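# Structural description and commentary
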Amino acid sequence: MPTQAQLADEFDVERGAVRQALRILHSESLLTNVSKGAPATVAPDLGRALTGTGVPPAPTMAALAPRIAAAFAAPHVEIDALCLTSVSLTLAIGEPLRQIHAGQLKPARLDVRVLLPSRDIPLAFPAPVDASADGAYQQLRRRWLAQRNAQGQVLQHRLLALRSTHGIDVQVTFRALPFTPPVKLYLLNNAEALFAYYTLTRREVEIDHRHLETYDPNGTQSLLFAFQRGTEHRDTSFVEQSRLWFDALWETISTELSLD
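Residues numbered from 1 in each chain as written. Predicted model: local features only at pLDDT ≥ 70, side-chain atom pairs only at ≥ 80, totals over all residues. Heavy atoms only, no water.

## Remarks on the packing of aromatic side chains
The final tally for this structure, using the stated rule, is five aromatic pairs. Aromatic side chains Phe195 and Tyr197 sit 5.0 Å apart centroid to centroid with 85° between the ring planes, which places their arrangement in the edge-to-face category. In this structure Phe195 comes out as buried when scored by relative accessible area, which is 16%. Feature note: the residues Phe195, Tyr197, Phe227 and Phe238 constitute an aromatic cluster, connected by ring pairs. Its end group placed over the ring of Trp250, Arg113 keeps NZ or CZ at 4.9 Å from the ring centre. The ring of Trp250 carries the charged tip of Arg175 above its face, separated from the ring centre by 6.0 Å. (Phe/Tyr/Trp six-rings, centres within 6.5 Å; stacked < 30°, edge-to-face > 60°. Buried < 20%, exposed > 50% of the residue type's maximum accessible area, 1.4 Å probe, protein only. Lys NZ or Arg CZ within 6 Å of the ring centre and 35° of its normal.)

## Quick notes on the packing of helix H6 (residues 94–101) against helix H7 (residues 136–166)
Axis separation between H6 and H7 bottoms out at 12 Å; the angle between their running directions is 5°. What the angle tells us is that H6 and H7 run roughly parallel. Across the interface between the two elements, Gly94, Leu97, Ile100 and His101 from H6 touch Arg158, Leu159, Leu162, Thr165 and His166 from H7. For the contact of H6 with H7, a count of residues per class yields four nonpolar, four polar and one charged. (Axes fitted to C-alpha atoms, helices over the stretch in contact; angles between N-to-C directions. Helix = DSSP H or I, 4+ residues; strand = E, 2+ residues; numbered from the N terminus. Parallel < 35°, antiparallel > 145°, perpendicular 65-115°, else oblique. Contact = heavy atoms within 4.5 Å. Nonpolar A, V, L, I, M, F, W, Y, C, P; charged D, E, K, R; others polar.)

## Points about the nonpolar core
One finds Ile68, Phe72, Leu89, Leu110 and Leu159 to be the most contacted residues of the largest nonpolar core, which totals 42 residues. Once you skip the residues sitting within four places of it in the chain, Leu159 turns out to touch Phe72, Ile93, Leu97, Leu110, Val112, Val170 and Val172. Of all hydrophobic cores here, the second largest spans 12 residues; its members include Leu82, Phe195, Val239 and Trp250. (Core = buried A, V, L, I, M, F, W, Y, C linked by side-chain atoms within 4.5 Å.)

## Considerations on a nonpolar patch on the surface
On the surface, Tyr197, Leu223 and Phe225 cluster together to form a nonpolar patch covering roughly 290 Å² of accessible area. Residue position: Tyr197 is located in strand E9 (residues 192–197). (Patch = residues over 30% accessible without salt bridge, like charges linked within 9 Å, V, L, I, M, F, W, Y side chains within 5 Å. Areas by Shrake-Rupley, 256 points an atom, 1.4 Å probe, with all protein chains shown as cover. Salt bridge = Lys/Arg side-chain N within 4 Å of Asp/Glu carboxyl O.)

## Considerations on the side chain of Thr85
Here Thr85 shows up in the loop between strand E4 (76–82) and helix H5 (87–92). Accessibility expressed as a relative area gives 12% for Thr85, which makes it buried. For Thr85, the side chain forms a polar contact with the main-chain nitrogen of Val87, separated by 3.4 Å. Contacts of Thr85, omitting those with residues within four sequence positions, involve Leu116, Trp144, Arg148 and Tyr198. (Polar contact = N/O pair within 3.5 Å; in protein donor to acceptor, adjacent residues only side chain to side chain.)

## Points about helix H4 (residues 60–71)
The terminal C-alpha atoms of H4 lie 16 Å apart, and with 12 residues this matches the ideal 16 Å at 1.5 Å per residue to within 8%. Among all positions of H4, only Thr60, Ala63, Leu64, Ala65, Ile68, Ala69 and Ala71 are buried. (Expected span 1.5 Å × (residues − 1).)

## Here's the deal with the sheet that holds E4
Ordered by their spatial adjacency, eight strands build an open sheet running E3-E12-E9-E8-E4-E5-E7-E13, and the pairing between neighbours is mixed. One side of each edge strand has no neighbouring strand; the edge strands of this open sheet are strand E3 (58–59) and strand E13 (255–256). Here two bridges tie E3 to strand E12 (residues 223–228), and the two strands are oriented antiparallel to one another. Its bridge partner lying in E12, Pro59 is registered against Leu223. (Pairing = 2+ DSSP bridges.)

## Brief notes about the pairing of strand E5 (residues 109–117)
Within E5, seven of the nine residues are buried, which leaves the element mostly enclosed by the surrounding structure. As judged from the seven bridges shared by E4 and E5, these two strands associate in the parallel manner. By the bridge assignment for E5, Val77 is matched with Leu110. As paired elements, E5 and strand E7 (residues 169–177) share nine bridges and run parallel to each other.

## Observations regarding the sheet that holds strand E10 (residues 200–207)
Within the open sheet, the three strands sit side by side as E6-E11-E10. Their pairing is antiparallel. At either margin of the open sheet sits one strand with a lone partner, and together these are strand E6 (127–128) and E10. Taken together, the eight bridges between E10 and strand E11 (residues 210–217) define a ladder with antiparallel strand orientation. Following the sheet pairing, Glu204 is matched in E11 by Glu213. Against the sheet, H7 makes contact with E6, E10 and E11, and its axis sits at roughly 65° relative to E11, the strand it touches most.

## Quick word on the environment of Pro56
Take Pro56: it is sitting in the loop between helix H3 (46–50) and E3. The exposed category is assigned to Pro56, whose relative accessible area is 54%. The spatial distance from the C-alpha of Pro56 to the C-alpha of Phe225 is 7.3 Å, given a sequence separation of 169 residues.

Following this line, the structure appears as structure tokens:
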């Protein structure tokens, strides 16, 4: 990098503004060797710095399963999830359950909390493209509710079965949100946050032999971004703030949820 004096001259700013900008870039791990006595240098692995943990975003089904499996190596496994349905989480626990049954993993305790949209609210999505189509919204809503309940029941059953088969202390709790979440979030062992946007696309679905054009997110394909506590300041802050956000929703506006 040029010296601070050269940067100040080039951009016609005070030296103090240059120093502040360099400190910010250093805190983001984009620069190293930031000091008054020598020019700063670009981080040797800029790609790693820009992705935080060095892991590029990947579709949920490719990224979530190995992270869940790694989380199950801890003696006390803690998983919190906020999502539209629990389908991705239900699929992702398959590998750690296989390893538990094979004797490769043996956590002593497992606590899982899941936040899902309430059945008592109007869903923002999935939604029919033609909102005036007779009964289309109610059909989509019934389809989503059936998926929400079925996936939640499967997740609950598979995890609670570990009590009798392997003597693991398991707690699985669901609560309902009064809104449709625009994002999905997974918190693993209070050390890692996995975050993805629900991006709506237009696609056709068939319900009861009826073809409907819908605005619907394919949650299993949403790009999942990983943040790990202790790797960089911004990653640690993201994990901490995600934890505070999830706990606040859980303890304030969420309500009891029935999977019936």
